[in-house]
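What follows is the residue order along each chain.
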Amino acid sequence: MAIAREAEPVGSLHEIREAGLAREDLLGIYRNLLVTRGMEERGHILYKQSKIPGSFYTGRGNEAASVGVATAMGPHDVGAPLHRDMGVQVVRGVEPWRIFSNYMGKADSPTGGKDGNVHFADDHLGLMAMVSHLPAMLPVAVGAALAFKIRQERRVALAWFGDGASARGDTHEGMNFAGVRRLPVVFVCDNNHWAYSTPTYLEYACEHIADRAQAYGFDGVVVDGTDVLAVYREAKRAIENAREGGGPTLIECETLRMEGHAVHDDASYVPREMLDAWEKRDPIKRFLTWLRDNASFTEDEDDGIQSEVKRLLEEAVHRAEAGPLPDPETALEGVYAEPEELDMPHFR
Amino acid sequence: MAVMTYIQAISAALREELRHDERVFLIGEDIGVFGGAFKVTRGLQEEFGEWRVIDAPLSEVAIVGGSIGAALVGMRPVCEMQFSDFVSVAWDQLVTVAAKQHYRAGTPVPMVVRLPSGGGFSGGPFHSQNPESSFAHVPGLKVVCPATPADAKGLLVTAIADPNPVLYFEHKHLYRRLKDEVPEGRYAVPFGQARRHREGTDVTVVTWGAMVHTAAEAAEAVAADGGPSVEILDLRTLVPWDRESVLRSVEKTSKLLVLHEDTRTGGFGAEIAATVAEEAFEHLDAPIKRIAAPDTPVPFSPPLEKRFIPQVEDVVRGLRDLVAY
């Protein structure tokens, strides 16, 4: 028996309007889901063409979880999304060419080639740069929430982690401190059931990770991470509760990592039946069906969005490919910040 | 000028910075109501409230990680590790998140970690360490080790204003032992400028923190004995460190003794010795000498701890050896 609340699926268009989304917003969500998956599909091709060095990670299966949560964020909120959360980058407005450019290690990318993957910050969009040590960014996001509380700002910080990272101490310290001080932070667990090759029953012994929230003094909720509208509704509720001084919430989005840990990994350890079952719940197909059934979504509208996304991504790939590689000497620059950099507004 | 102890100078700097800049806040274990394990923050919560002098749970990761997050959204956190030894728990936050943030993501992390360090009180292996060299090895961090009350205040002001993560090692053995004149009001002591603690012509001693005073006692002892004239340079900051002043002094004296309380192998003294060997070899009249703690944990029992921490007589012997070479 779960301790955390188990969220209901979202039903009608009316219910969605109540949660704050107009039909136009729903089409935006659909578009963002397509951009999210499309970026990773194109990135994978670029990787196979050896145009992306290092390794390449995708979040296939997690699109609805990341888009749903990010859609519920306010313009001045901040977050520290991870490598399965491309949808957060897309919804916050990171231009796709910049992400491709960062994958390729280009000079005009957000990190200038200093770091790869989606390891970058965007101060203006409220995005913090993840590190590979998961969930090290969780206490950091809690610190942003602490700053908001000290300054009495109506802003919320979002902190992402996974089923694997739930086993680490940073998760506990971050959540405990946030609970003690009732900080405006929402913890989002992308539970995709596999931490590299390790299944959840070897990561934790409780039924749901969200069950732990009660022990930290706040609410936990488990939501179907393939249902973008249910994720949105739960995230919106949690974020607004935090904004109003209600403290943290832990949202656990249940998904399946539909591809390997990184693209070199064939994930042969994931049972075929598990993949088949979750393939039937593909978040994008599922939302498309919902739009047709509940929002009179037409073939023409779908074609229009599909071709806009295709064009956007093609232009983005071209722009990123055309960018220069960094001057080797820039490897030596930027270790320390200069005093004048503190004058820049950041994370507005 | 007011006469203050080293610990009073740290408290004064914190109070003045809290008054001067509303973005500054303090966070640590037992620092608020209780005033801190060493009473550095006594009275500050009363003046500034519980949201600017924050009692944290026993959570070094949350304290340091939280400070990073607050710095990233425009605050100026000054966090306290109750003992510098406990910073090992927050290593990942400092080394993985804070140190690499600006290089890879371009965002400054203006924060200070205060680290009461050093031995001499039978604190044992977990309350006596000097881990400054470990952090000096990490690009992206700055490392500060004040040796006098005036520097304790001025370097802390500079650390809080710095746009980078700064580790401020305050030596516990100096807290109440040192009393000296400290300028009134806010003033900043710049990083990377060594202080000549004693002028001399025959041997240069490069050191920092509490060992500055061990070196001074040794220099007085050999001088009283008609021995060599010893110059002592207090580095003040290890990152950045003042290579120029060290090289200039060695050119003058031709003999170098590097002294630190941290353990020997891979200690920052090795970096200083290597730099002088590379850049001032032709000025040297003797091999560079290092005096440091042995490569062991810090032992508890007084005779063992005395054997561990470099003593005045060890430095006297080192100075005599160098001069006799």
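Residues numbered from 1 in each chain as written. Chains lettered and ligands numbered in written order. Predicted model: local features only at pLDDT ≥ 70, side-chain atom pairs only at ≥ 80, totals over all residues.

### Notes on the overall build of chain A
Right, on to step 1. Looking only at helices and strands, one finds twelve helices and eight strands in chain A.
Right, on to step 2. Relative to its length of 348 residues, chain A is compact, with a C-alpha radius of gyration of 20 Å against a globular reference of 20 Å.
Right, on to step 3. Its C-alpha atoms give chain A principal-axis dimensions of roughly 55 × 50 × 40 Å.
Right, on to step 4. Among the 348 residues that make up chain A, the fraction classed as buried is 53%.
Right, on to step 5. Relative to all contacts within chain A whose residues are 6 or more apart in sequence, the contacts with residues 24 or more apart total 77%. (Helix = DSSP H or I, 4+ residues; strand = E, 2+ residues; numbered from the N terminus. Rg over C-alpha atoms; globule rule 2.2 N^0.38 Å. Buried ≥ 20, exposed ≤ 12 C-beta atoms within 10 Å, placed from the backbone. Contact = placed C-beta atoms within 7 Å.)

### Side note on the domain arrangement of chain B
All names here are of chain B.
Right, on to step 1. Considered domain by domain, chain B is made up of domain 1 (2-182) and domain 2 (195-324).
Right, on to step 2. Computed over C-alpha atoms only, the centres of domain 1 and domain 2 are separated by 26 Å.
Right, on to step 3. With 25 residues of domain 1 in contact, the opposing surface of domain 2 contributes 21 residues.
Right, on to step 4. When contributions to the side of domain 1 that touches domain 2 are tallied by element, the ones reaching two or more residues are helix 5 (132-136), strand 6 (142-144), helix 6 (149-161) and strand 7 (165-171). (Domains from an automatic or database assignment.)

### Considerations on helix 6 of chain B
All names here are of chain B.
Right, on to step 1. Between its first and last C-alpha atoms helix 6 spans 19 Å; for 13 residues at 1.5 Å apiece the expected length is 18 Å, and the two agree.
Right, on to step 2. The element helix 6 is largely enclosed, with a buried count of eleven among its 13 residues.
Right, on to step 3. Of all the positions in helix 6, only Pro149, Ala150, Asp151, Ala152, Lys153, Gly154, Leu155, Leu156, Thr158, Ala159 and Ile160 are classed as buried. (Expected span 1.5 Å × (residues − 1).)

### Focus: the sheet that holds strand 8 (residues 249-254) of chain A
Within a sheet, each strand pairs with its neighbour through backbone hydrogen bonds, oriented either parallel or antiparallel.
Residues and elements named next belong to chain A.
Right, on to step 1. The six strands are arranged 1-7-8-4-3-2 in an open sheet whose pairing can be described as parallel. Each edge of the open sheet carries a strand with a single partner, namely strand 1 (5-6) and strand 2 (78-80).
Right, on to step 2. As paired elements, strand 3 (residues 157-162) and strand 4 (residues 185-191) share six bridges and run parallel to each other. For Phe161, the partnering residue across the bridge sits in strand 4 and is Cys189. (Pairing = 2+ DSSP bridges.)

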